[in-house]
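# Structural characterization, general
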Amino acid sequence: IDDLAEVDYSLNSLPAVFRPFIDLDLKGIVYPAGNYTGPPYVAAPFTIPDQSDSMLYLAFSEYFFQTSSFAYYTAGAFNITIAEETCSYFNISTEIFGSIIPEVAKYSVTPYPVMLKLMATEIPAISLEQDSFTAEIQGSMEVFAVLPDSTTQSLFTMNIAANTSIALNIFDQKLMGSLCLNRLQFSLAHSNVGFFEISLLENILSYILQTEVIPSANAKLSKGFPLP
């Protein structure tokens with residue numbers, strides 16, 4: 001698929017040949033690149049509804065997307081760093097955070113660039129729906145001040161709970177998706193600047209995720225999964 005994941009479309013059994021159609025039972029397992037350890041899921045059998053309007057019908061089970069989630073989580077795809085040089089829309093700094101949170105202003109009097117490190121703390125939970133699926137993501141975001149000598153100083157860490165949906169479509173022999181952020185919740189996990197109300201930061205953090213993380217994820221999803 002890419003540098004992080006591979007997909008196995010090999011046959012589970014011999015093709016079943018009937019007069020009007022042929023059934024092919026494919027594995028559809030996504031692995032971290034070079035790591036073929038079985039994922040922690042069990043594939044449930046399913047059938048394709050009886051239809052005859054098209055020459056080919058292709059169905060993906062929830063298991064396919066669960067193994068995709070596991071593979072990319074294992075490969076570290078959900079770990080993202082946002083720094084001043086990679087932020088597209090504005091320069092994030094301790095001065096910006098300090099204008100919102102007085103504790104940051106007291107802790108860091110001199111303005112420094114800020115670096116954000118996001119990571120998933122659990123395998124995203126997948127629920128398949130018609131033409132889309134939802135992904136519940138539990139993660140954390142650690143905020144650092146970047147000092148003049150390029151070392152970093154941790155300011156605070158937040159827990160993140162995100163509900164996302166991914167709309168699916170097939171184009172150019174690839175399964176493609178488009179990510180939408182439905183719901184986002186923050187809670188303060190640890191702070192080196194003292195306690196503060198996390199609600200003060202929700203708007204700016206939501207904006208950063210919507211303008212930096214979601215477009216980056218959609219750029220990757222637009223490359224698509226190769227179909228068998």
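Residues numbered from 1 in each chain as written. Predicted model: local features only at pLDDT ≥ 70, side-chain atom pairs only at ≥ 80, totals over all residues. Heavy atoms only, no water.

## Structural notes on the overall build of the protein
This is how the line gets drawn: Only DSSP runs of H or I with at least four residues qualify as helices, and only runs of E with at least two residues qualify as strands; both kinds are numbered from the N terminus onward. Radius of gyration: over C-alpha atoms. The globule rule applied is 2.2 Å multiplied by the number of residues raised to the 0.38 power. The contact criterion used throughout is that any non-hydrogen atoms of two residues lie within 4.5 Å. Only the protein chains shown count as cover for residues, and the accessible areas themselves come from Shrake-Rupley with a 1.4 Å probe. Residues counted as positive are Lys and Arg, residues counted as negative are Asp and Glu, and His and the chain ends are not counted. For this purpose, a charge sits on NZ of Lys, CZ of Arg, CG of Asp or CD of Glu.
Within the protein one finds four helices and eleven strands. In terms of overall size, the protein is more extended than a compact globule, its C-alpha atoms giving a radius of gyration of 22 Å where 228 residues would be expected to give roughly 17 Å. Each principal axis of the C-alpha distribution contributes one length, and for the protein these read about 80 × 35 × 30 Å. The contacts of the protein with a sequence gap of at least 6 include a subset with a gap of at least 24, amounting to 61%. Surface summary for the protein: the accessible area is close to 13,400 Å², and the carbon and sulfur share equals 54%. Charge separation in the protein, taken as the distance between the mean sites of 8 positive and 23 negative side-chain charges, equals 4 Å.

## Thoughts on the pattern of salt bridges
Quick reminder of the rule: Salt bridge, as used here: a side-chain nitrogen of Lys or Arg that lies within 4 Å of a carboxyl oxygen of Asp or Glu. Only protein chains enter the accessibility calculation, which uses a 1.4 Å probe; a residue whose area is less than 20% of its type maximum is buried, one above 50% is exposed, and one in between is partly exposed.
Summed over the entire model, instances satisfying the criterion amount to two salt bridges. Among the salt bridges present, the one from lysine 27 reaches aspartate 8, with a minimum N-O distance of 3.8 Å. One end of the pair, lysine 27, is in the loop between β3 (22–23) and β4 (29–32); the other, aspartate 8, is in strand β1 (residues 5–8), and 19 residues separate them in sequence. On the basis of relative accessibility, which here comes to 34%, the residue lysine 27 falls in the partly exposed class.

## Some thoughts on the nonpolar core
This is how it is decided: Take the buried Ala, Val, Leu, Ile, Met, Phe, Trp, Tyr and Cys residues and link them wherever side-chain atoms come within 4.5 Å; each set so joined is a nonpolar core.
Phe97, Leu116, Met141, Val143, Phe156, Met158 and Leu201 are the most contacted members of the largest nonpolar core, which totals 25 residues. Looking at which element gives the most residues to this core, the answer is helix α4 (residues 202–221), with five residues. Among all residues touching methionine 158, those that are not within four sequence positions of it are Gly139, Ser140, Met141, Val143, Phe186, Ser187, Leu188, Ala189, Ile198, Leu201 and Leu205. Counting residues in hydrophobic clusters, the runner-up holds 19 residues, among them Ala5, Tyr9, Phe65 and Ala135.

## Observations regarding the environment of phenylalanine 18
With respect to the helices and strands, the residue phenylalanine 18 is situated in the loop between β2 (16–17) and β3. The class of phenylalanine 18 is partly exposed, set by a relative accessible area of 43%. Linking phenylalanine 18 and phenylalanine 46, residues 28 residues apart in sequence, is a C-alpha distance of 18 Å.

## Some remarks on the packing of aromatic side chains
To be explicit about the condition: Pairing of aromatic rings covers Phe, Tyr and Trp, the last through its six-membered ring, and needs centres within 6.5 Å; plane angles under 30 degrees mean stacked, over 60 mean edge-to-face, and all others mean tilted.
By the definition in use, this model includes ten aromatic pairs. Taken together, a centroid distance of 5.5 Å and an interplanar angle of 80° make the contact between tyrosine 31 and tyrosine 36 edge-to-face. In this structure tyrosine 31 comes out as buried when scored by relative accessible area, which is 12%. In this structure tyrosine 36 comes out as exposed when scored by relative accessible area, which is 53%.

## Concerning the environment of leucine 221
Among the secondary structure elements, leucine 221 is positioned in helix α4. The partly exposed category is assigned to leucine 221, whose relative accessible area is 23%. For the pair leucine 221 and serine 54, spaced 167 residues apart in sequence, the C-alpha to C-alpha distance is 26 Å.

## What to know about the domain arrangement of the protein
Put simply, the test is: Reported domain spans reflect what an automatic or database domain assignment gives. Accessible area that two parts lose when put together, with a 1.4 Å probe and added across both, is what the buried area reports.
Domain boundaries in the protein define domain 1 (1–76) and domain 2 (78–227). Between domain 1 and domain 2, the C-alpha centre-to-centre distance is 30 Å. Each partner contributes residues to the interface: domain 1 has 17 residues there, and domain 2 has 17 residues. Buried area between domain 1 and domain 2, both sides added, is near 1,500 Å², and the carbon and sulfur share of it is 75%.

## Re the layout of surface pockets
Our working rule: Here a cavity means grid points, on a 1 Å grid over the protein atoms only, where a 1.4 Å probe fits yet cannot get out; a pocket means an open set of points with protein on both sides within 12 Å along at least five of seven lines; lining residues are those with an atom within 4 Å of a point. Grid points are joined across faces, edges and corners, and a volume is the space filled by probe spheres set on the points.
Its volume calculated, the largest pocket comes out at about 1,500 Å³. Contributing to the lining of the largest pocket are 39 residues, with Asp23, Leu24, Ile48, Tyr57 and Ala59 lying nearest its centre. Those elements that provide at least two residues to the lining of the largest pocket are β3 and α1 (62–74). Counting contributing residues per domain, the lining of the largest pocket is built from domain 1 (1–76) and domain 2 (78–227), each supplying no fewer than three.

## Remarks on the environment of aspartate 8
For the pair aspartate 8 and phenylalanine 225, spaced 217 residues apart in sequence, the C-alpha to C-alpha distance is 12 Å. Sequence-distant contacts of aspartate 8, that is, excluding residues within four places in its chain, are made with Lys27, Gly28, Ile29 and Tyr31.

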